[in-house]
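Okay, here's what each chain looks like letter by letter:
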Amino acid sequence: MLNDFCEIIMADGEPCGLPTDIYEGRVAMCVLHATAKDNEKFQSIIKIRIDEGLKNSGKPYIDFTRVVFLDFNFESFKEFNKPLIFKGAKFEQDVSFASCRFLCSEIDFSDTVFEGNANFTHTGFIEGVSFINSVFKSEAIFQNTKFQGERTLFVGTRFEGNKTFFGEAEFLSEQTQFRDAHFKGNTFFHRATFRGDCTSFAKFSTETVFGGEITRFYESKFLSKATYFSWVKFDSTKETNFDGAIFHGEVIDFSHAEFKSENVTLRDTSFKSLKEYIHFQNCWFKGLRTLFHDTKFESSKVDFHESVFDNAVDFKRNHEKNTAPMFEQGASIRDVLFLSPEKTTFRHVNLSQVELQGTDLRKINFIAVEWPRYPRLKIGRLEKTRLRGVFDEQLLIKQHDPSPDEVELVRSEYRQLKQNYDEATNYYIADQFYFGEMEITRHSKKKWKRLFSWNGLYRFSSGYGLLWTNSLATLCLALIIYSIMFMFSGLKIPSENGQPKRYINYDLSLNFPELKPFAEDWLQCFHYAALSLVPLKNLSGDYEPDIDTRYIVIANSITVPTLVTLFILALRRRFKR
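Here the focus is the overall build of the protein chain. Looking only at helices and strands, the protein chain features 10 helices and 53 strands. Counting all 577 residues of the protein chain, 50% fall into the buried class. Partitioning the contacts of the protein chain with sequence separation of at least 6, the portion at a separation of at least 24 is 53%. For the protein chain, the exposed surface amounts to about 27300 Å²; the carbon and sulfur share of it is 52%.

As structure tokens, then:
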């Protein structure tokens with residue numbers, strides 16, 4: 001026997017109570033909840049329920065829990081001053097809430113199924129809305145829709161239609177969540193605005209999936225306190241587009257996101273974090289091309305740590321338009337894996353505050369980039385020349401006692417960059433990175449060893465074999481010093497015009513020599529120092545040096561040829577540049 005009243009449990013926990021028309025399975029259902037129904041009777045009851053509800057009679061909400069809608073037009077009501085509950089409802093055909101305004105507390109569409117197209121164009125949700133676990137099996141249209149109130153929830157929502165439109169929608173709620181949402185078809189959030197008060201956030205994180213061919217957020221504005229795209233999967237096959245989008249807030253998080261689209265574009269996109277990092281760490285860019293053209297990161301730091309780029313990636317700034325620097329306040333590209341480094345380009349990008357430690361830099365194309373500059377003393381010109389380096393050197397020097405592993409990582413950066421520029425036949429810049437590598441080695445030693453060690457001597461004598469001016473200045477200084485040493489160690493000068501040999505052996509403790517005789521004797525000793533470098537020439541018979549002078553000659557014959565060799569090599573490298 002058919003029960004007299006519908007047994008479907010409504011929002012208040014009580015059975016529906018309407019007269020039953022049919023059994024579906026073993027449950028007695030009324031005209032509202034049955035799938036097969038008298039449509040005229042259904043339309044009449046729905047209108048009566050809405051009219052009575054809007055007149056503030058009966059319950060404080062209008063309850064459509066688990067109602068099955070065949071065909072009904074909500075547009076004609078325009079405004080709803082009571083909450084509507086559509087929890088578990090099903091719309092068998094197209095439904096439109098276009099231009100409706102929900103002025104009451106949160107509207108509940110959770111677990112609702114939309115079999116046909118769902119049209120929410122220009123709809124206003126003034127006090128919040130929930131589409132938790134709802135399913136849109138055809139097109140979902142939220143064009144120019146305004147979401148306000150405390151919460152806008154699309155958590156676990158499935159958009160299974162070919163297209164989903166949120167173009168020019170406004171999300172003004174304190175919480176906007178698309179967590180775990182799945183977009184099967186093309187998705188459009190172009191020119192959408194996400195904005196709220198100082199505690200608001202927009203969250204697409206945790207297994208949110210964008211499928212189809214196209215996902216577009218171009219010219220969207222994310223102005224909430226926090227914006228999360230962490231763990232999102234951008235599986236659109238052709239395009240993921242954030243061109244011209246604006247991200248301004250305290251937290252901007254794309255960590256662990258996956259980008260599988262053929263083209264991922266962030267042209268003219270602006271990221272500005274007021275307090276924390278901009279997070280792109282552990283992202284995976286799997287598509288054919290990723291473009292960061294004129295992208296602006298205005299933050300204390302943007303973090304790409306341990307991200308992976310499978311194919312081409314282009315970080316480019318249009319210097320002709322005088323656009324803002326890409327990494328204005330620094331970035332971390334540490335331990336990033338570029339699987340196609342020959343397709344990776346940094347063009348007109350400022351890298352003066354960018355960490356690159358742990359990233360393979362050997363094949364990357366660096367075109368007209370700005371590296372940090374460090375003062376490197378050039379003895380020959382008596383000035384400090386600012387040579388290119390890497391930002392990680394500055395961080396390393398600030399550490400009180402860096403570990404050998406940290407030192408080696410920075411040295412590896414310099415080696416890779418030297419190899420990179422050498423292969424590009426840009427020897428001028430390659431030499432500067434070689435200089436930096438040697439400086440890291442020297443600075444890793446204790447302070448006194450930085451000067452009094454082979455590295456220190458090599459550094460100041462010839463600029464590590466790169467600065468011919470240093471080599472020439474050091475060579476001249478060595479000859480002058482050895483000549484003066486001969487004047488005090490004892491040396492007989494060959495006779496002139498039958499005069500006996502003159503003995504040169506100054507002792508400043510007795511008296512200070514006059515300038516002219518001192519200069520003449522120094523020239524004689526300088527001549528002897530030069531001749532002593534000539535192989536197979538015996539000067540002892542002519543000059544008769546003392547035993548101390550002989551020892552100095554040995555040092556002279558080792559030091560000066562070494563400095564000559566360094567001078568020739570540095571000069572050769574200079575002509576190669």
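Moving on from the coordinates now.
Read across the open sheet, the 10 strands follow the order S5-S9-S13-S17-S21-S25-S29-S33-S37-S41; overall the sheet is parallel. The sheet is open, and its two borders are formed by strand S5 (79–80) and strand S41 (296–298), each paired with just one other strand. Direction of pairing for strand S13 (residues 124–125) relative to strand S17 (residues 146–147): parallel, over a ladder of 2 bridges. For Gly124, the partnering residue across the bridge sits in S17 and is Lys146.

Phe69, Phe166, Phe189 and Phe327 are the most contacted members of the largest nonpolar core, which has 109 residues in total. Among the secondary structure elements, those contributing two or more residues to this core are helix H1 (39–54), strand S44 (312–316), helix H3 (404–423) and helix H4 (427–443). It is H3 that contributes the most residues to this core, 5 residues altogether. Non-local contacts of Phe327, meaning those with residues more than four positions away in its chain, are made with Phe297, Val302, Phe304, Phe315, Ile333, Val349, Asn350 and Val354.

Another point: the pattern of salt bridges. Tallied over the entire structure, the rule returns 23 salt bridges. Across the pair Glu239 and Arg216 runs a salt bridge whose closest N-O atoms are separated by 3.0 Å. Taken as a pair, Glu239 in strand S32 (residues 239–241) and Arg216 in strand S28 (residues 214–216) lie far apart in primary sequence, 23 residues in all. Residue class for Glu239 comes out buried when judged on its relative accessible area of 18%. With relative accessibility at 24%, the residue Arg216 sits in the partly exposed group.

The subject of this paragraph is a nonpolar patch on the surface. A contiguous nonpolar surface patch, about 450 Å² in accessible area, is contributed by Ile547, Tyr551, Ile554 and Ile558. Looking at the element boundaries, Tyr551 is found in helix H10 (residues 547–576).

With 4 bridges connecting them, strand S33 (residues 246–249) and strand S37 (residues 270–273) associate as parallel partners. The residue bridging Gly249 from the neighbouring strand is Ser273, located in S37.

Counted at 1.5 Å a residue, the expected span for helix H8 (residues 515–531) with its 17 residues is 24 Å, and the 24 Å between its end C-alpha atoms agrees. Inspection of H8 places Asp521, Cys525, Tyr528, Ala529 and Leu531 among the buried residues, and these make up the whole buried set.

Rules of the game
- Residues numbered from 1 in each chain as written.
- Predicted model: local features only at pLDDT ≥ 70, side-chain atom pairs only at ≥ 80, totals over all residues.
- Heavy atoms only, no water.
- Helix = DSSP H or I, 4+ residues; strand = E, 2+ residues; numbered from the N terminus.
- Buried < 20%, exposed > 50% of the residue type's maximum accessible area, 1.4 Å probe, protein only.
- Contact = heavy atoms within 4.5 Å.
- Areas by Shrake-Rupley, 256 points an atom, 1.4 Å probe, with all protein chains shown as cover.
- Pairing = 2+ DSSP bridges.
- Core = buried A, V, L, I, M, F, W, Y, C linked by side-chain atoms within 4.5 Å.
- Salt bridge = Lys/Arg side-chain N within 4 Å of Asp/Glu carboxyl O.
- Patch = residues over 30% accessible without salt bridge, like charges linked within 9 Å, V, L, I, M, F, W, Y side chains within 5 Å.
- Expected span 1.5 Å × (residues − 1).

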